[in-house]
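# A look at the structure
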Protein chains: 2
Amino acid sequence: MIIDGLQYANWSEKIFRQMREGGVDAVHVTIAYHENFRETVLNIEKWNRWFEHYPDLILKGRWASDIDHARETGRTAIFFGFQNPSPIEDDIGLVEVLHDLGARFMQLSYNNQSLLATGCYEAEDPGITRMGRQVIKEMNRVGMVVDMSHSADRSTIEAAEISDRPIAITHANPHAWQPALRNKRDEVIRAVTENGGMLGFSLYPHHLKGKGACTLEDFCRMIAETADRFGVDHLGIGSDLCQDQPDSVVEWMRVGRWTKDIDYGEGSASAPGFPPMPDWFRDNRDFGNIESGLRAVGMSDTEIAGLMGGNWYRFFEENFTGVPGR
Amino acid sequence: MIIDGLQYANWSEKIFRQMREGGVDAVHVTIAYHENFRETVLNIEKWNRWFEHYPDLILKGRWASDIDHARETGRTAIFFGFQNPSPIEDDIGLVEVLHDLGARFMQLSYNNQSLLATGCYEAEDPGITRMGRQVIKEMNRVGMVVDMSHSADRSTIEAAEISDRPIAITHANPHAWQPALRNKRDEVIRAVTENGGMLGFSLYPHHLKGKGACTLEDFCRMIAETADRFGVDHLGIGSDLCQDQPDSVVEWMRVGRWTKDIDYGEGSASAPGFPPMPDWFRDNRDFGNIESGLRAVGMSDTEIAGLMGGNWYRFFEENFTGVPGR
């Protein structure tokens, strides 16, 4: 079973077919970066059209059992998530509404301070806000996963403690391996995994040691070491694959509408676009390479099955529950 | 089994308890008159709070099987509907989005011309519009029922013909019995019922012979005659109960934001508010009176069971289907 904890591709029939070729059973897809509620609904409408046009390739994922259904029918289950709480605006009631529309993950902040938490690029991190505490409680109630991939350290540790359910860092790597601002320090990974949460290993080149030149062996050794330190059951893949996106999209991700200046995020003025992917992970057809790489560094079949999808499956099953009383 | 084809009460714990006292298993409730998409979502949020606060009294209805679940657990299933297509604005993609959020009925027009169809108060009725044809097709696909209660005759007859699924007039009476503008002429009732559709009998006083002074016997004789003419299986109750609403709400229903003048609708300058209900149907506790009244005019137990809820149940079961391919 292969489950990817995060992708943000420029979706097309080609990519949906590549997911089938790669045997990808489920993907958490980003459907909002800076979009407000109405704009997020327009993105959901776009997905509804894809579900209608490609019923033989994809289906909408709501529950872990939809992954079983996808496997039985040879399709990929698509689970929605947001990289920013902008879709709920200032309205806690939109948590349940968006959950009803299929949202299963929401980051409490994206690089910047939000109404709920601090982003990893801010100079100061005052922790989870008043509204943030209320929204975590509501997300716990309806079964929407708190994702802290782009949040700052204190906010992330506090979110893991405040949340009654395990939280996730869907896409990042250990900071000790590659000291990118977005990668996570040990105490952050510990707070998340100790509370039952998940870390998805990212293949976004800025998060890799040596960036696009990172070797498969280096990547897989890092996974094996992280498993030794934090427990293999809490780990999966969150590729952060942004396949076929034009560079204007990485600018939208970084700049949104919050500044009139250019912000290069993890890029730079000389390399403002999407960085080139490592040659052993070009797209959805290459998950098999990771599987082989993990075997080559000595991981067992059981460990590999968990890392490639089994652990996300268990996490989805435990956390994608229906709203109580329905 | 008691199912009410339409209510628009000023909802409260009191009314939810009266529904239980009256043995009401399911109600189609209006959640939008002139509201746009975002305002409709705010109304859904309000309902979500009620579902959360009164889980022992009500539950959200999505499928006919939710009525069984409500009966097994002693609650009332609440099905959402709109009296106007304003919630979808000019965006056909919102049909599926709102269906996902629980909408199961949508009127194509409310008294006035809409983007989709003509309302019953317009001087001219050019029939279903270009967008109307597209939206009917989309409603058919996702399983949202076309409701023509406040539409004009030609538009209603065309809707019944264009729609691949049966349509409904959730709340109105025969025009021949009480010639209110909103009541339906024989050819309209025939077009709807011949295509498998439903008519729900209204208890809104303007739709009754003698208004609030209408006797239970008169009302039940009218039902028996309509059953003889159009087939009892196509008939149910759609009380149009507007319990505890202040008169400002009937003004909102009639005037919305479309005029700066006052429009009295079925009322008048001397009686602008909600008219008084007949004394044999004050609220949800009085469905038993209708049952007795139908028995007194000679209807059989089977016919009465169908009229009080069985026919709506069958209609819900046949028409509230999931979006294909899910």
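- Where an unreviewed UniProt entry is consulted, chain A appears under the name Peptidase M19, with the organism given as Salibaculum griseiflavum.

## Focus: the relation of the copies chain A and chain B
- The two copies are related by a screw motion: chain A maps onto chain B through a turn of 180° and a shift of 0.0 Å along the axis, at an RMSD of 0.0 Å. Such a combination of rotation and displacement between the chain copies is what one expects of a two-fold axis.
- Interface residue correspondence from chain A to chain B reaches 100%, placing this contact among same-surface, isologous pairings.

## Focus: the interface of chain A and chain B
- On the chain B side, the residues contacting the 24 residues of chain A number 24 residues.
- Taking both partners together, chain A and chain B bury about 2,000 Å²; carbon and sulfur atoms supply 49% of that area.
- Summed over the shared surface of chain A and chain B, the result is 9 salt bridges.
- At the boundary of chain A with chain B, the tally comes to 8 residue pairs in polar contact (both at pLDDT 80 or more).
- Looking at the side of chain A that touches chain B, the elements with two or more residues in it are α2 (37-53), β3 (58-60) and α4 (93-100) of chain A.
- Here the residues of the side of chain A that touches chain B are counted per class, giving 8 nonpolar, 4 polar and 12 charged.

## Section: the side chain of His 175 of chain A
Residue and element names in this part refer to chain A.
- Considering the arrangement of structural elements, one finds His 175 in the loop between β7 (168-169) and α7 (186-194).
- Residue classification places His 175 among the buried residues on the basis of a relative accessible area of 16%.
- Setting aside residues no more than four positions away along its own chain, His 175 makes contact with Ala 180, Asn 183, Lys 184 and Arg 185.

## Observations concerning helix α5 (residues 130-142) of chain B
- For α5 of chain B, which comprises 13 residues, the first-to-last C-alpha distance of 19 Å matches the rise-based estimate of 18 Å (1.5 Å per residue) to within 8%.
- Residues Gly 132, Val 135, Ile 136, Glu 138, Met 139, Asn 140, Arg 141 and Val 142 of chain B constitute the buried set of α5 of chain B.
- For α5 of chain B, the elements touching its buried residues are α2 of chain A together with α4 (93-100), β5 (103-107), β6 (145-147) and α6 (153-162) of chain B.
- After α5 of chain B finishes, the residue Gly 143 of chain B shows a positive phi value of roughly 90°.

## So, the pairing of strand β8 (residues 198-201) of chain B
All names here are of chain B.
- Of the two faces of β8, the one holding Met 198 and Gly 200 and the one holding Leu 199 and Phe 201 are both buried throughout.
- Inspection of the sheet shows strand β7 (residues 168-169) paired to β8 by 2 bridges, in the parallel sense. Looking across to β8, one finds that Ile 169 is bridged to Leu 199.
- Each parallel crossover has a hand, and the one from β7 via helix α7 (residues 186-194) to β8 is right-handed.

## Remarks on the packing of aromatic side chains
- A full pass over the atoms with the stated rule returns 45 aromatic pairs over all chains.
- On the basis of an interplanar angle of 50° and a centroid distance of 6.2 Å, the ring pair of Trp 47 of chain B and Phe 80 of chain B is categorised as tilted. Taken together, the residues Trp 47 of chain B in helix α2 (residues 37-53) and Phe 80 of chain B in strand β4 (residues 76-82) connect sequence positions 33 residues apart.
- Judged by its relative accessible area of 1%, Phe 80 of chain B is buried.
- Look at Phe 105 of chain B and Phe 320 of chain B: their rings are 5.8 Å apart centre to centre, the planes differ by 85°, and that puts the pair in the edge-to-face class. With Phe 105 of chain B in strand β5 and Phe 320 of chain B in the segment after α11 (301-319), the pair connects residues that are 215 residues apart, well separated along the chain.
- The class of Phe 320 of chain B is buried, set by a relative accessible area of 4%.
- These aromatic residues form a ring-pair network of at least three members: Trp 11, Phe 16, Trp 47, Trp 50, Phe 51, Tyr 54 and Phe 80 of chain A.

## Digging into the pattern of salt bridges
- With the rule as written, the count across this model stands at 37 salt bridges over all chains.
- Of the charged contacts in the structure, one is a salt bridge between Arg 141 of chain A and Glu 96 of chain A, with a shortest N-O distance of 2.7 Å. Of this pair, Arg 141 of chain A sits in helix α5 (residues 130-142) while Glu 96 of chain A sits in helix α4, and the two are 45 residues apart along the sequence.
- Taken together, the shared-partner salt bridges connect Arg 38 and Glu 45 of chain A together with Glu 89 and Asp 91 of chain B into one network.

## Re the state of the cysteines
All names here are of chain B.
- Counting across every chain of the model gives 0 disulfides over all chains.
- Residue Cys 220 stays outside any disulfide, its sulfur separated by 8.9 Å from that of Cys 214, the closest cysteine.
- For the unlinked cysteine Cys 242, the closest cysteine sulfur is that of Cys 120, found at 15 Å.
- The class of Cys 242 is buried, set by a relative accessible area of 9%.

Criteria and thresholds
- Residues numbered from 1 in each chain as written.
- Chains lettered and ligands numbered in written order.
- Predicted model: local features only at pLDDT ≥ 70, side-chain atom pairs only at ≥ 80, totals over all residues.
- Heavy atoms only, no water.
- Least-squares fit on C-alpha atoms with pLDDT ≥ 70 in both.
- Contact = heavy atoms within 4.5 Å.
- Buried area = accessible area lost by both parts, 1.4 Å probe.
- Salt bridge = Lys/Arg side-chain N within 4 Å of Asp/Glu carboxyl O.
- Polar contact = N/O pair within 3.5 Å; in protein donor to acceptor, adjacent residues only side chain to side chain.
- Helix = DSSP H or I, 4+ residues; strand = E, 2+ residues; numbered from the N terminus.
- Nonpolar A, V, L, I, M, F, W, Y, C, P; charged D, E, K, R; others polar.
- Buried < 20%, exposed > 50% of the residue type's maximum accessible area, 1.4 Å probe, protein only.
- Expected span 1.5 Å × (residues − 1).
- Pairing = 2+ DSSP bridges.
- Right-handed = clockwise from strand over helix to strand, strands pointing away.
- Phe/Tyr/Trp six-rings, centres within 6.5 Å; stacked < 30°, edge-to-face > 60°.
- Disulfide = S-S within 2.5 Å.

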